[in-house]
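Residue strings, one per chain:
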Amino acid sequence: VQLQASGGGLVQAGDSLRLSCGGSGRAFSSYAMAWFRQAPGKEREFVAAISWNGGRTWYADSVKGRFSVSRDNTKNTVSLQMNSLKPEDTARYYCAARGDYPGTVVDDASMYHWWGQGTQVTVSS
């Protein structure tokens, strides 16, 4: 599956941003999806995950209550709504897909087989 992330940009602290990840292929709805992010000089970190049908979601503690992940399998898209953004949210955000056990939500990047190219989010203070 090919993934394309979009929606990043430069915003101020407290603003909102919505990222989207489009996937190709009819099997998109059978994949569990996730968002990860990586800031310069830091390791990639988990942000949010969603099961194949949206029935299960999981969030990193750092974004819980501020970010919301959702999906529309009719449009082959996964979205990440980011509210109350902070400067520490600045990173390149990647969407990823996983075919194994799609009913589960996993925060381990090594479990994801396909990755998008990422979209940059910059939050100024």
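One can find the structure itself at the top, above this paragraph.
Just so it is clear, the model here is predicted, and its values are computed rather than measured. Per chain, the residues get numbers from 1 upward, laid out in the order the sequence is written. At least 70 in pLDDT is required for a residue's local features to be given in this predicted model, at least 80 for side-chain atom pairs to be given and counted, and no such filter applies to totals for whole chains, interfaces and linings, which use all residues. Note that the side-chain values use all heavy atoms of the structure and ignore hydrogens as well as water.

Asks: What is the right way to look at the packing of aromatic side chains in this model?
Replies: Two aromatic rings are characterised by how far apart their centres lie and by the angle between their planes. Centres within 6.5 Å are what make two rings of Phe, Tyr or Trp a pair, Trp counting through its six-membered ring; a difference in plane orientation under 30 degrees is then read as stacked, over 60 as edge-to-face, and the rest as tilted. For the structure on display, the rule yields 5 aromatic pairs. Ring geometry for phenylalanine 36 versus phenylalanine 46: centroids 5.7 Å apart, planes at 70 degrees, classification edge-to-face. Here phenylalanine 36 is found in strand 4 (residues 32-38), whereas its partner phenylalanine 46 is found in strand 5 (residues 45-50), with 10 residues between them in sequence. Per-residue accessibility, obtained with a 1.4 Å probe over protein chains only, is compared with the maximum for each type, and a residue is labelled buried under 20%, exposed over 50%, and partly exposed between these values. Judged by its relative accessible area of 1%, phenylalanine 36 is buried. By the criteria applied, helices consist of DSSP H or I runs no shorter than four residues and strands consist of E runs no shorter than two, each listed in order from the N terminus.

Asks: Explanation requested: the sheet that holds strand 7 (residues 67-72) in the structure shown.
Replies: As a general point, the strands of a sheet are linked pairwise by backbone hydrogen bonds and lie either parallel or antiparallel. With respect to topology, 4 strands assemble into an open sheet ordered 1-3-8-7, the strand pairing being antiparallel. Looking at which strands have only one partner, the edges of the open sheet turn out to be strand 1 (3-6) and strand 7. Averaged over all adjacent pairs, the angle separating strand axes in this sheet is 15 degrees, with direction ignored. Sheet topology note: the strand 1/strand 3 (residues 17-23) ladder contains 4 bridges and is antiparallel. Counterpart to leucine 3 in the pairing with strand 3 is glycine 23. Only when DSSP finds a minimum of two bridges between them are two strands counted as paired. Note on method: axes are straight lines fitted to C-alpha atoms, helices fitted across the in-contact stretch only, with angles between N-to-C directions ranging 0 to 180 degrees.

Asks: What is the right way to look at the nonpolar core in this model?
Replies: Soluble globular proteins tend to bury their nonpolar side chains together. Residues Met33, Trp35, Leu80, Met82 and Tyr93 are the most contacted members of the largest nonpolar core, which totals 37 residues. Counting residues per element, the ones that place at least two in this core are strand 1, strand 3, strand 4, strand 5, strand 7, strand 8 (77-82), strand 9 (91-98) and strand 11 (119-124). Apart from the residues lying within four places of it in its own chain, the contact partners of methionine 33 are Leu3, Cys21, Phe28, Ala48, Ala49, Ile50, Arg71, Val78, Ala96, Ala97 and Tyr112. Put simply, buried Ala, Val, Leu, Ile, Met, Phe, Trp, Tyr and Cys residues joined by side-chain atoms within 4.5 Å make one nonpolar core. Note on definitions: a residue-residue contact is assigned when non-hydrogen atoms from the two residues lie within 4.5 Å.

Asks: How do you make sense of the pattern of salt bridges when you look at a structure like this?
Replies: Opposite charge on two side chains allows them to pair when their charged atoms are near. Salt bridge criterion: a side-chain nitrogen from Lys or Arg within 4 Å of a carboxyl oxygen from Asp or Glu. Counted by the stated rule, this structure contains 4 salt bridges. The residue aspartate 61 makes a salt bridge to lysine 64 at a minimum N-O spacing of 3.1 Å. The shortest N-O distance in the salt bridge between arginine 66 and aspartate 89 comes to 2.7 Å. Pair noted here: arginine 66 is in the loop between strand 6 (57-59) and strand 7 and aspartate 89 is in the loop between strand 8 and strand 9, with a separation of 23 residues, a long-range link. A relative accessible area of 12% means that arginine 66 is categorised as buried. Within this structure, Arg37, Glu45, Arg66 and Asp89 form a network of salt bridges that share partners.

Shape is all these values report; function is a separate question.
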